[in-house]
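Residue-level structure breakdown
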Amino acid sequence: MAEKTVAARSVKALRGSAIFWFVVATIGQLAFVAYIAGFYGRAAAEGDFERWNKVLVGGYVPGGLAGNIVLAAHLLLAAVITLGGPAQLLPWIRRHHPRLHRWNGRIYMLTALLISLGGLYMVWTRGTAGGPSLRIGISLNGLMIVGAALMAWRFARMRRFAEHRRWALRTFTLASGVWFFRVGLMFWILANRGPVGIGPGFDGPFVRAWAFGCYLVPLAMLELYLSAERRGPLSRFATAAGLGLLTLAAGVGIFGAVMAMWLPRMLH
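My aim in this report is to walk through the structure given alongside it, one point at a time. (Residues numbered from 1 in each chain as written. Predicted model: local features only at pLDDT ≥ 70, side-chain atom pairs only at ≥ 80, totals over all residues. Heavy atoms only, no water.)

**Some points on the environment of Ala249**
Within the secondary structure, Ala249 sits in helix H9 (residues 233-267). Since its relative accessible area comes to 17%, Ala249 is described here as buried. Spatially, the C-alpha atoms of Ala249 and Phe187 are 6.6 Å apart, while their sequence positions differ by 62 residues. (Helix = DSSP H or I, 4+ residues; strand = E, 2+ residues; numbered from the N terminus. Buried < 20%, exposed > 50% of the residue type's maximum accessible area, 1.4 Å probe, protein only.)

Here is the structure:
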């Protein structure tokens, strides 16, 4: 009986840590969508596309029609995918509105593919801040998103829903890499009380490492979570604790990103 009680509590702890992460991440991603609309969207509505270049390296280029269209579509799809991801993870929607879940999933997967290909095009034609490390990191992230999305789609069509769930979660985690980069960057700056390792050209050791870590670290945490679901109480408790700590760190990073990056640009 005692063993069953411990096992049940470990399941609740793991599930509770996942809910905690989902709530915090959803708040942070909604804030990111508000920033995309409030900064990029407002600038576009006012016809001031060059304002985008205050944030983007290799952003809007006068006369560069093809690249500008890809950039605008990329920003729009970033908002779509950031909104669609949390909705796709809600169990209530999966249970009570399976058709909505399926169509939202199709849109999400297609958007993930388009946004990844568009990101690769922009990175290698217009460049990015951070030098080669960030460019390679973004490219690897894009390729992994494409691979994970295709696997999730394949298992859904085969009706192998356990495998589909795992690959869908991987797709969501990888597709959130841009968001994780900003949140992790602000957590790092706040934790160190300054831009330690950032570098004057945004190419310091932390930036070079986080160009890959922004999606590999969350992906590793996801793999631990998926593994803990099938293992014993000790593994579940440990994973719940680790996910809880990472969620607290994300909360700090979200607060920093909103106050230092997103809100000021939306208000000016």
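**Regarding the side chain of Ser17**
Note on placement: Ser17 falls in helix H1 (residues 2-45). In this structure Ser17 comes out as buried when scored by relative accessible area, which is 6%. A distance of 2.7 Å separates the side chain of Ser17 from the backbone oxygen of Leu14, its partner in a polar contact. Sequence-distant contacts of Ser17, defined by excluding residues within four places in its chain, comprise Ala240 and Leu243. (Polar contact = N/O pair within 3.5 Å; in protein donor to acceptor, adjacent residues only side chain to side chain. Contact = heavy atoms within 4.5 Å.)

**A closer look at helix H6 (residues 161-175)**
Taking 1.5 Å as the rise per residue, H6 with 15 residues should run 21 Å; its terminal C-alpha atoms sit 20 Å apart, in good agreement. Along H6, the residues that are buried comprise His164, Leu169, Arg170, Thr171, Phe172, Thr173 and Leu174. (Expected span 1.5 Å × (residues − 1).)

**Description of a nonpolar patch on the surface**
Taken together, the side chains of Phe255, Met259, Leu263 and Leu267 define a hydrophobic patch exposed on the protein surface, amounting to about 420 Å² of accessible area. With respect to the secondary-structure elements, Leu267 resides in helix H9. (Patch = residues over 30% accessible without salt bridge, like charges linked within 9 Å, V, L, I, M, F, W, Y side chains within 5 Å. Areas by Shrake-Rupley, 256 points an atom, 1.4 Å probe, with all protein chains shown as cover. Salt bridge = Lys/Arg side-chain N within 4 Å of Asp/Glu carboxyl O.)

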